[in-house]
Amino acid sequence: MPLIFLVAVVPGWLQIVAADADARRGFFNGLLEENADLLRSELQGWVPAFSFGLNEPVAEVNETIQGAIDRSKARIREVLPIDEYAARHTLVDLERESLERRLEEPLLETLIGHAVFPRYAFPTDVVTFWVSKPRQPGDAPGKRTFDYEPQRDLQLALTEYAPGRSLTIDKWRFESAALYSPYEPTPAHTIQRQRPYTSCSDCSWATMDSAMAQATLCPVCGSDQLTRTAFITPAGFAPDLNAKREVDRGQAISYAGMTDRARLEPQDPPSAWTESCDGRLLRWTGPRRLVMVNKGVGQRGFRVCPDCGRSEPEYGPGFTATKLMKNGAATTHQHPLEKGAVCAGVAAGPFYLGHEFPTDALLLRLRVAAPVQLGGASTAGLLTRASRMALSSLVEALGLAASRVLQIDEGELSGWWTPVMGGRPDEAQLYLYDLLPGGAGYARAVGNDLPEVLDAAEALLGGCDCPSSCYRCIRHYSNNWIHASLDRHLALALLRHLRTGELPSLTDQDKDHALVALRQLLTLRGIACEENANLGGTRVPLIIQLSNSRVCVDVHHPLIDPLAHESPVIAAARSQFLEAVSLDAFDLLHDLPAAVARLKLPNGAVG
């Protein structure tokens, strides 16, 4: 393409175009107009006009191609600092420094970085951690030099470069202290671009719809546990120039929150699902928008000074070393980018640090049939804790299985789950998405090869001998923050039910293992109990002997509703006119007080 050729071979081309007013007005227009027919012809040659995946024509292809030239001209003028260069004599300090930095950047990198030209196979949303050199006598006032400029994909940088987080570069330990980019004089523009973010702490629903900022109840689960905090997308980060550099001697890393898995932005539901497994599994693939945020320490967000960029987690438990606030009010503070300077700016916020991006996604709608349950109308967040563990574990298994079936790196796909809009406790939605912004087609490929991926996931979950999860099955470094919430047994039971309708069940050994802690508690309280009793030919895992009654105890699978599926133990107990109760295996292992409460023992029986 002529424009790419020119950009690649003419050094200093940006300064030449910016310096000449006639060139500013006419160069791009002339170049693109002179080659308009050639460019449109090339576009006609490779732009697809028919979607074989959807089996339908792509809409408005010709209109898009015809308007591409005008949109390109407008976009190029938008990203180049032509007007700023014309007014360069009026710019001072950081504004002049920002312009100088932009002028030094190769034009091709500028156009790629702003997505005017495509950059395939590399992340397009990257930010830099700018480690400035202290100014020296004789340095030009509009120049700033840097010792280090490491870059990370924004999805990772929101955690690894967040204000208050420590990191090591070339054996030096730095702590992020500011939102900064040499291409923006101050973070005021970043703050102006803030986006609303409303989320439910009970069910993980999240949206950037400004209309939902006034909602009092979650539209998914009906909970009133909504948080409303705007998020900003940082253009870059920097340490405090005034802080003394220290050699990394293996000190513990200081954290400043962590990004969640990307949340699926609620959008119109797909018009056509592909149904399988007798309606228990529906799938759809296509483009979706997702958002991920770092909520800071204690999920309180971050404060940002709009004048100097100094940033820090919001004051509270876990972070008390504030420099921006004093006794609850904004205070003067050191300028993080100028040696010895003091800034009187008033910190704004708190904000979350966030990133919205489009990508390819695979949506899986899961439907369970009674007596299998994922939650209930009265369950906080609709889904039980066991169901959440099953869904989290199944997402990890599907991601790992997909990477092996497609023979791609495990870091190319991620995913999460969400309840279904409308508050149905017998449904949930999983989604896998390409981590590459814009999508790389992997999620679509998973949808096309879903049966093979499900086979691989089932083999992965069932082929290990660990008690819940380990690095041989579904644990890996990227999901270390949810290791305690991964259970391959729950995921396997859910997957088999979805695929074949098989009801989750427990073996006698599973029941005995779940009852160990309860038996020990009863023994400590002096309450007699009988293990593995025979009641009319039926094995009863536990019978509790009270002063005037006997209570038969059975254990049911966490994904089974005991009221909709009476067990042989309960039936045998009732036939003998004995009290009977079925306890959730998950509660017995993870929430023993809740299981004991279900027994309804007489007052004083369990102290």
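Up top is the structure.
Keep in mind that this is a model prediction, so the values were computed, not measured.

Digging into the sheet that holds strand 30 (residues 579–584)
Strand order in the open sheet formed by four strands is 27-28-29-30, with mixed pairing between adjacent strands. The sheet is open, and its two edges are formed by strand 27 (528–535) and strand 30, each paired on a single side. The average undirected angle you get between the axes of adjacent strands in this sheet is 35°. Judged from the four bridges that link them, strand 28 (residues 538–545) and strand 29 (residues 550–556) form a sheet pairing that is antiparallel. Across the sheet, the residue bridging to Gln545 is Arg550, located in strand 29. Running at roughly 160° to strand 30, helix 19 (residues 592–599) makes contact with strand 28, strand 29 and strand 30 of the sheet.

A closer look at the sheet that holds strand 9 (residues 198–200)
The antiparallel open sheet is built from three strands, whose spatial order is 10-9-11. Looking along the sheet, the strands with just one partner apiece sit at the ends: strand 10 (206–207) and strand 11 (226–228). In the sheet, strand 9 pairs with strand 11 via three bridges, with the strands oriented antiparallel. Residue Cys200 lies in a different strand from strand 11, and its bridge partner there is Leu226.

Focus: the side chain of Glu314
Mapped onto the elements of the fold, Glu314 is located in the loop between strand 19 (311–313) and strand 20 (325–326). A distance of 2.7 Å separates the side chain of Glu314 from the side chain of Arg303, its partner in a polar contact.

A word on helix 6 (residues 68–79)
The end-to-end C-alpha distance of helix 6, which contains 12 residues, comes to 16 Å, matching closely the 16 Å that a straight helix rising 1.5 Å per residue would cover. Among all positions in helix 6, only Ala68, Ile69, Lys73, Ile76 and Val79 are buried. Buried residues in helix 6, looked at end-on, bunch into an arc of 140°, giving them a common side. In helix 6, the exposed positions that point more than 90 degrees away from the buried face belong to Asp70 and Glu78.

A closer look at the pairing of strand 26 (residues 427–434)
For strand 26, the tally of buried residues reaches eight of eight residues, placing the bulk of the element in the interior. Covered by surrounding structure in strand 26 are Glu427, Gln429, Tyr431 and Tyr433 together with Ala428, Leu430, Leu432 and Asp434, the residues of both alternating faces. As defined by bridge partners, strand 24 (residues 348–367) adjoins strand 26 across seven bridges and the pair is classed as antiparallel. Its bridge partner lying in strand 26, Arg365 is registered against Gln429. The pairing of strand 25 (residues 413–419) with strand 26 spans seven bridges and is classified as antiparallel. Bridge pairing in strand 26 links Leu413 to Asp434.

Parameters at a glance
- Residues numbered from 1 in each chain as written.
- Predicted model: local features only at pLDDT ≥ 70, side-chain atom pairs only at ≥ 80, totals over all residues.
- Heavy atoms only, no water.
- Pairing = 2+ DSSP bridges.
- Helix = DSSP H or I, 4+ residues; strand = E, 2+ residues; numbered from the N terminus.
- Axes fitted to C-alpha atoms, helices over the stretch in contact; angles between N-to-C directions.
- Contact = heavy atoms within 4.5 Å.
- Polar contact = N/O pair within 3.5 Å; in protein donor to acceptor, adjacent residues only side chain to side chain.
- Expected span 1.5 Å × (residues − 1).
- Buried < 20%, exposed > 50% of the residue type's maximum accessible area, 1.4 Å probe, protein only.
- Arc of directions from axis to C-beta.

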